[in-house]
Amino acid sequence: MNNNDQEKNKFDDNDEIAIIGINGRFPGAKNVEQFWKNLRNGIESISHFTDEELLATGIDPDLLNNPNYVKAASIIEDVDLFDAAFFGFTPREAEITDPQHRLFLESAWEALESAGYDSESYDGKIGVFAGVTNSNYLFINLASNEELMQSVDSFNIFIGNEKDNLSTQTSYKLNLTGPSINVQNNCSTSLIAVHLACQSLLNGESDIALAGGVSIAKLPQKSGYHYQDGVIHSSDGHCRTFDAKAQGTVFGDGLGIVVLKRLDDAVNDGDFIHAVIKGSAINNDGSLKVGYTAPSVNGQREVILEALALAGVEPDTISYIEAHGTATPLGDPIEIKALTQAFRSSTNQKTFCAIGSVKTNIGHLDTAAGVTGLIKTVLALKHQQIPPSLHFEKPNPEIDFANSPFYVNTKLSEWETNGLPRRAGVSSFGVGGTNAHVILEEAPVVETCHGASLQSRPWQLILLSAKTSTALETATANLATYLQQHPNINLPDVAYTLQVGRRAFEHRRIVVCKDLKDAVNLLKNQEPERVFSNHWQPNRCPVIFMFPRQGSEYTNMGRELYEVEATYRRHIDSCAKILQPHLGLDIRELLFPQSETMETASQKLKQSDIAQSALFAVEYALAELLMSWGVSPEAMIGDGIGEYVAAAIAGVFSLEDALAIVANQGQLQLLKKVQLNPPCIRFISHVTGSWITDAQATNLNYWSQSLQQTENFSESISQLLQQFEGVFIEVGPGANLSTITKQHLDINAKQHVLTCLSQEQLSDVSFLLEILGKLWLFGVEIDWSGFYTEEQRHRLPLPTYPFERQRYWIEAKKPGKNNNQTSGSLIKKPDIADWFYIPFWKPSLPPVQLNNEELLPEKYCILVFIDECGLGINLVKRLKKQNRNVITVKIGDEFQQIGESEYTVNPVNHQDYDVLFQELFKKN
């Protein structure tokens, strides 16, 4: 059967799974991009060690002359490094945690970010399916330190090293609420994890799933292995899959994770799709084979046939197979025989399907082997190239490639297609007989709705954040470099991905840019006029809207917003239609006049009824636009006509009634027809200078007098400033209210004051995006779904978080050493009273004799760090008796101000001290 034309780019099958994120660390490659470069260039990344290197790691010198000791291994770098603080580990917790668990945790975070998702803001369930090799770090490094093992809670060691805790620890640290399953099936572990993740997605248990595996099998890493004839290890440190010289494989280290999602959801959500899993299957050989560790033709054939059937594709549409390929004289022929039997069920074609194995490049990664082969194949589909399988010269004599559907691909080849989408199969077979096979297809060409993806604002808001200031600088530099390296990337999609697909940390930065060149320049040079940063202190940040009075209006105010922002335009249009019968004109002709009518429009805007109507429309539309972006006011204040806008936003009267009142100058005969309601958002009365009451808001006389009365805005704003530490936004043209508000702030004020429109700005859109970015800098949560209501954006794989890794490592002790003669701090103390300690601050100078009051100046302020033994409290009491200004700091979980002069800090978090002293400096 050949329905090639019908199958082209078909992706409406509900059983298909999209791969939306990939991440990994492999021998010779710290990331997926370097991994692909090595693959396409045919690089072997198996390390061969010198005698000096082996001796330096403690290898027995007698081994070096043993002809059966192979001085090779497949390793990854920096397994001793970890960003413990990022994930909330103490240094000791990090040291006693298996590096496999630590690396997997970091990579899981990176994988989700590469897919453009933040687990905190994602409202679906994210599952984890993964496996890990036995913890040699526990058996070799930790267990050899007897005193350490005695001094540390055994349960904590269990959590950080036991296989059962890999996925669940990841779910805990990343706050993932889908299924968290640890998979253990030897070599086929990680591809089985992929299959189980697909099933979880199809069953609706997960909405996104992480699947993969990690293996750091040998410590010390720079060590060889003993070769024995007939065993799976290679005799020469090379993996010669399918070749006549193949004698075994080289085991090594690596890690791979894929992020999966139902295909229809991925398409609808604008995800970046690397490839599609059309079907997958797993089974077991049973007992009908030579032995427990032996492969089985029947088992492998059946799992391949089942995967093909579930995928709904014919074998002759598969053009590449990523083989398990252990390079053993027995295993390779069995694998080809099983594949041939599966393909021969429906086609007699010969040598049409390329075959290869990533093990020839990097060795056998054990529990991470299956997902590594999958990632290699996904990259080949993306780049439409098949990388070479290495070390193949002459086939194993038991393999008849010429009469099979397969040929070994020995050079980089363009992946040609005859009209069908490119498809591949990936196999992984484990010791014990559990087999897995996955059918992949290249990503579909996703048609965008009416070209909506091409529509975007002329300016883009770039957000960056990190847990530390140094990480923020690294993230900024990484993004600039990435954008330079990808000159054809879609900048609006970059902005979107950074907004919705990254967690917002305390150290924040925003950039508003016009195009890619502008973005790179700003990120590199960080011009202070256009690049803004802030160290946000976690707290509530209420928003207060301020609506200005007549006098700030001008022609063309908000014109670019009207042209670009559909929400703003819709509300301006609505106001114009309501006002037209009252004013006898269309205010849009005055707001956005043609050049030849500019002077006339400017003169008409000076008329009181028209000016107030136009100003109301602009302020109301601006408020509605901000609220559609999630910027909702907790309180409002309006000056003159601005109070009517506040009342309309608060629901005191309908938009129609409000505009009728404004256009008719608040005439009482009109007001009698108005329905008045208590406000649903509090606002200050500009008549009384206090919060408007329900009685006032629903009183006709109040509103008939309001337009004619003027009160002191300066006094009214003072009340709001006393009650709110947040952001005050002037929602309208000009900066009159903002200027007055700023005059009330002292140098230590915690309020921020912003304006929305300025006649001096060249671009209204750029200016408002900058304001939106500053709101985010100050801690206001933005509703990005509302922000992108009129756009169809897509997530992109962008640089992930720049972890600030440090070395956390317990060195293994050499056998024969007296392990009892170690640092006394590790020895278990016999007396339980010596098991505990209380952290305290050690004084750097002798205490001042407090009885001598002349030693302290009149306005001296004393900072006291209080212990939990009573000494600090007694000291504070004595100081207060002498009428001294005292600031106290207690031990707590985090930095927090708990009183006017009382704080808590976490003693082990140095950032808490920085924040404390910043606060004290602000208060002078």
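Criteria and cut-off values
Residues numbered from 1 in each chain as written. Predicted model: local features only at pLDDT ≥ 70, side-chain atom pairs only at ≥ 80, totals over all residues. Heavy atoms only, no water. Helix = DSSP H or I, 4+ residues; strand = E, 2+ residues; numbered from the N terminus. Buried < 20%, exposed > 50% of the residue type's maximum accessible area, 1.4 Å probe, protein only. Areas by Shrake-Rupley, 256 points an atom, 1.4 Å probe, with all protein chains shown as cover. Lys, Arg positive; Asp, Glu negative; His and termini not counted. Charge placed at Lys NZ, Arg CZ, Asp CG, Glu CD. 1 Å grid on protein atoms, 1.4 Å probe; cavity = no way out; pocket = protein on both sides within 12 Å on 5 of 7 lines; lining within 4 Å. Points joined across faces, edges and corners; volume = space filled by probe spheres on them. Pairing = 2+ DSSP bridges. Axes fitted to C-alpha atoms, helices over the stretch in contact; angles between N-to-C directions. Phe/Tyr/Trp six-rings, centres within 6.5 Å; stacked < 30°, edge-to-face > 60°. Expected span 1.5 Å × (residues − 1). Contact = heavy atoms within 4.5 Å. Polar contact = N/O pair within 3.5 Å; in protein donor to acceptor, adjacent residues only side chain to side chain. pLDDT = per-residue confidence, 0-100. Parallel < 35°, antiparallel > 145°, perpendicular 65-115°, else oblique. Left-handed = near helix turned anticlockwise from the far one by under 90°. Nonpolar A, V, L, I, M, F, W, Y, C, P; charged D, E, K, R; others polar.

(A) Focus on the overall build of the protein chain. In terms of helices and strands, the protein chain carries 34 helices and 31 strands. Each of the 924 residues in the protein chain was classed as buried or not, and the buried ones make up 56%. Put simply, the protein chain shows about 40200 Å² of open surface, and 48% of that area lies on carbon and sulfur atoms. The centroid of the 75 positive side-chain charges in the protein chain is displaced by 2 Å from the centroid of its 111 negative side-chain charges.

(B) Looking closely at the layout of surface pockets. Volume-wise, the second largest pocket comes out at about 1700 Å³. Along the wall of the second largest pocket there are 49 residues; nearest its centre are Glu33, Tyr482, His486, Pro797 and Leu798. Elements with a contribution of two residues or more to the lining of the second largest pocket: strand 1 (17-25), helix 2 (32-40), helix 5 (99-115), helix 11 (263-268), helix 15 (369-383) and helix 16 (469-485).

(C) Geometry of the pairing of strand 29 (residues 885-891). Direction of pairing for strand 28 (residues 861-865) relative to strand 29: parallel, over a ladder of five bridges. From the neighbouring strand, leucine 863 faces strand 29, where its bridge partner is isoleucine 887. In this structure, strand 29 lies alongside strand 31 (residues 902-905), joined through four bridges in parallel fashion. Bridging across to strand 31, threonine 888 finds its partner in glutamate 902.

(D) Expanded view of the sheet that holds strand 10 (residues 254-262). One open sheet holds the 11 strands; their spatial order is 7-6-8-10-1-11-18-17-12-13-15, and the pairing between them is mixed. For this open sheet the edge positions go to strand 7 (180-182) and strand 15 (406-408), each flanked by a neighbour on one side alone. Mean inter-strand twist for the sheet, computed between neighbouring axes without regard to direction, equals 25 degrees. Alignment of strand 1 against strand 11 (residues 275-284), held across three bridges, turns out to be antiparallel. When the sheet's bridge partners are listed, isoleucine 19 is paired in strand 11 with alanine 275.

(E) Structural view of the packing of aromatic side chains. Under the definition given, this model contains 35 aromatic pairs. Residues phenylalanine 86 and phenylalanine 87 carry aromatic rings whose centres are separated by 4.8 Å and whose planes lie at 75 degrees to one another, so their mutual orientation is edge-to-face. Summarising the burial analysis for this pair, phenylalanine 86 and phenylalanine 87 share the class buried. A ring pair is formed by tyrosine 137 and tryptophan 809, whose centres lie 4.8 Å apart and whose planes are at 50 degrees; its orientation type is tilted.

(F) Local environment of helix 16. Taking 1.5 Å of rise per residue, 17 residues should cover 24 Å, and helix 16 covers 25 Å from first to last C-alpha, within 8% of that figure. When helix 16 is considered as a whole, its buried residues turn out to be Ala471, Leu472, Ala475, Thr476, Leu479, Ala480, Tyr482 and Leu483. Elements in contact with the buried residues of helix 16: strand 19 (460-466), helix 17 (491-500), strand 20 (507-513) and helix 18 (516-525).

(G) Representation of the environment of valine 194. Along the chain, valine 194 turns up in helix 10 (residues 189-202). Owing to a relative accessible area of 0%, valine 194 belongs among the buried residues under this scheme. Along the backbone, valine 194 and glutamate 393 are 199 residues apart, and their C-alpha atoms lie at a distance of 33 Å. Apart from the residues within four sequence positions on either side, valine 194 is in contact with Ala211, Val258, Leu260, Ile277, Val371 and Leu374.

(H) Representation of the side chain of threonine 97. With respect to the secondary-structure elements, threonine 97 resides in the loop between helix 4 (91-95) and helix 5. The class for threonine 97 is buried, based on a relative accessible area of 6%. A polar side-chain atom of threonine 97 sits 2.6 Å from the main-chain carbonyl oxygen of glutamate 93. Beyond its immediate sequence surroundings of up to four residues, threonine 97 is in contact with Phe89, Arg102, Tyr137, Gly160 and Asn161.

(I) Inspection of the confidence of the model for the protein chain at higher detail. Residue-level pLDDT values for the protein chain average 90, and 91% of them are 70 or greater. Every residue in residues 1-12 scores below 50 in pLDDT, and together they form 24 contacts with partners more than four places removed in sequence or on other chains. Note on residues 852-857: pLDDT is under 50 here. Beyond four places in sequence and across chains, it has seven contacts.

(J) Main features of unusual backbone geometry. Put simply, leucine 219 and proline 220 share a cis peptide bond, and its omega is -5 degrees. Residue placement: proline 220 occurs in the loop between strand 8 (208-215) and strand 9 (225-226). With phi around 45 degrees, threonine 351 is a residue other than glycine that occupies positive phi space. Positive phi values are uncommon outside glycine, yet histidine 391 reaches one of about 60 degrees. Within the secondary structure, histidine 391 sits in the loop between strand 14 (385-386) and strand 15.

(K) Broad picture of the side chain of serine 763. If you trace the backbone, serine 763 turns up in the loop between strand 26 (752-757) and helix 31 (764-777). Classification of serine 763 as buried rests on a relative accessible area of 9%. Excluding residues within four positions of it along the chain, serine 763 makes contact with Trp459 and Glu560.

(L) Region of interest: the packing of helix 23 (residues 608-628) against helix 24 (residues 641-649). At a closest axis distance of 9 Å, the pairing of helix 23 and helix 24 adopts a crossing angle of 40 degrees. Relative to helix 24, the element helix 23 lies oblique. Handedness of the crossing formed by helix 23 with helix 24: right-handed. Where helix 23 approaches helix 24, its residues Gln612, Leu615, Phe616, Glu619, Tyr620, Ala623, Glu624 and Met627 are matched on the opposing element by Ile641, Gly642, Tyr644, Val645, Ala648 and Ile649. A breakdown of the residues in the contact of helix 23 with helix 24 according to their chemical character gives 10 nonpolar, two polar and two charged.

(M) Just the packing of helix 12 (residues 297-311) against helix 13 (residues 331-343), in detail. Here helix 12 crosses helix 13 at 45 degrees, and the two axes come no closer than 8 Å. With respect to helix 13, the element helix 12 is oriented oblique. In this structure, helix 12 crosses over helix 13, and the sense of that crossing is right-handed. Between helix 12 and helix 13, the contacting residues are Val297, Gln300, Arg301, Ile304 and Leu305 on the first element and Ile334, Glu335, Lys337, Ala338, Leu339, Gln341 and Ala342 on the second. Tallied by class, residues from the contact of helix 12 with helix 13 come to seven nonpolar, two polar and three charged.

(N) Representation of the sheet that holds strand 21 (residues 531-535) in the model. Read across the open sheet, the three strands follow the order 19-20-21; overall the sheet is antiparallel. Across the chains shown, the open sheet's two edge strands, defined by having one partner strand only, are strand 19 and strand 21. Between one strand and the next, the sheet's axes are offset by a mean angle of 15 degrees, whatever the strand orientation. The pairing of strand 20 with strand 21 spans five bridges and is classified as antiparallel. The partner of arginine 509 across the bridge, within strand 21, is serine 533. Helix-sheet contacts for helix 31 involve strand 19, strand 20 and strand 21, and the interaxial angle to strand 20 is about 175 degrees.

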